[in-house]
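# Structural overview
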Amino acid sequence: MRNTGGAVVGLVALLLTAGCSSQAPRPPAPALGPIPEITSVDAISLPIDSYIPTSTQFLALQKAADVVSARCMRGYGLPYHPPITEGFADFARQNRTRTALYGFFDLSTARSKGYATQLDSPDGTSSGVPYTMTEMGVLRGQNASGATVATFKGKKVPTGGCRQQGIDAIGGPPPIPAVEALPEGGPKIPPDNPHMKAVNARWAACMKGKGFVYPNPWAAYSSPKWRESAAGAPPRQTPQASEEIATATADVECKLSTNLVGVAVAVEIAYDRQYIEAHTARLATFRQRLGDQLRAAARLTGSSPA
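Within each chain, residues carry numbers counting from 1 in the order of the written sequence. Where local features are concerned, this predicted model is filtered to residues with pLDDT of at least 70; where side-chain atom pairs are given and counted, the filter is 80 or more; whole-chain, interface and lining totals use all residues. The side-chain figures draw on all heavy atoms in the structure; neither hydrogens nor water molecules are used.

So, about the overall build of the protein. Along its length, the protein carries 12 helices and 4 strands. Here a residue-residue contact requires only that any non-hydrogen atoms of the pair lie within 4.5 Å. Contacts spanning at least 24 positions in sequence make up 78% of the contacts within the protein whose residues lie at least 6 apart. Accessible surface for the protein amounts to roughly 15100 Å². Of this, 57% is attributable to carbon and sulfur atoms. Helix numbering and strand numbering both begin at the N terminus, where a helix is a DSSP run of H or I of at least 4 residues and a strand a DSSP run of E of at least 2. Only the protein chains shown count as cover for residues, with accessible areas throughout obtained via the Shrake-Rupley method and a probe of 1.4 Å.

Right, here's the structure in full:
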């Protein structure tokens, strides 16, 4: 869907925060392999990638759910407005351009737009056409006060409304095309990882030399100043926008000079492999469930599984 409030930033931060409160014993830190030289986000390749649902798969599932939801709404003589998915195919790359591990990594965007926090969100729940309160009640199965809408014009409304009927038809909500969709939220890298602490210190020294003081890349990227800039949508020539561009540019330049993302990728690879080995059975189940969903979606739309 189109979301003009920096939804990806909020989504990623929320998903990365969720699951961090677990008290399960931490496994030993895995050994680090070779450290690649990474100069572009497109050069990043991780072992976990083959397990992450793709944008194409998400959109195929969403389309099938829409078919059922639309049919359900028509049964009540009501319209259905499919969620907007414009630009969604690029979400996976955008999600990799911005991570809690290394912050922001896109030099050309940094130089022109700063951190560019206004992005698309993959929750697939909003269309560009507003529903009336009556229509929304049938779509969601509840009214604005949260009370259940059980019938409409004498006809039973499915539990959860027509939207839930569509989701149920494909076997559950489409998993987002991000590592957080995986069992236990995917691999977790401890914030005190010594390799990241060391390269963050080198990055911070580089930033200080350019006149910017931040303890690590995530602190620079997630500064509330940039969220305020996005919310107010100021012209790019304002002092606040100029500061954002200067900070983001220095940030990425320091990542390149310290090969911070290369170190981060080596760390991610090590933790990916450890996670995959420890979650073999659960990942197999996850893949099977996704495959079942895609086959159900293909039957509903008369297409081949994505």
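The discussion continues.
A positive phi is found at E184, a non-glycine position, where the angle reads about 60 degrees. Here E184 lies in the loop between α6 (161–169) and α7 (194–209).

Every buried residue belonging to α6 is among G161, C162, G166 and I167, and all of these are buried. Those residues of α6 that are buried are in contact with α2 (55–74) and α5 (133–140). Immediately downstream of α6, the backbone of G171 shows phi near 85 degrees, a positive value. Throughout, exposure labels follow a simple rule: accessible area from a 1.4 Å probe, protein chains only, divided by the maximum for the residue type, with under 20% read as buried, over 50% as exposed, and the rest as partly exposed.

Scored between 0 and 100, pLDDT is the confidence that the predictor attaches to each residue. Here the protein averages 86 in pLDDT, while 83% of its residues score no lower than 70. Scored below 50 in pLDDT, residues 1–23 shows 36 contacts in the model against residues more than four places distant or in partner chains. Counted against residues more than four places away or in other chains, residues 231–235, with its pLDDT under 50, gives 2 contacts.

Burial in α5 covers these residues: E135, G137, V138 and L139. Next to the buried residues of α5 lie α2, β3 (151–152) and α6. Directly beyond the C-terminal end of α5, a positive phi value near 80 degrees is found at G141.

Here we take up the state of the cysteines. The criterion for a disulfide is a pair of cysteine sulfur atoms lying within 2.5 Å. This structure, assessed with the given rule, holds 2 disulfides. Here C72 engages in a disulfide with C162; their sulfurs sit 2.0 Å apart. Between C72 and C162, the S-S torsion sits near -65 degrees, and that sign places the bridge as left-handed. One end of the pair, C72, is in helix α2; the other, C162, is in helix α6, and 90 residues separate them in sequence. Residues C72 and C162 agree in their burial class; the two are buried. In this model C206 forms its disulfide with C254; the gap between the sulfur atoms is 2.1 Å. Because the torsion about its S-S bond is -80 degrees, the bridge between C206 and C254 counts as left-handed. One end of the pair, C206, is in helix α7; the other, C254, is in helix α10 (residues 239–258), and 48 residues separate them in sequence. Take the cysteines of the protein that form disulfides and number them in order along the sequence; they join up as 1-2, 3-4.

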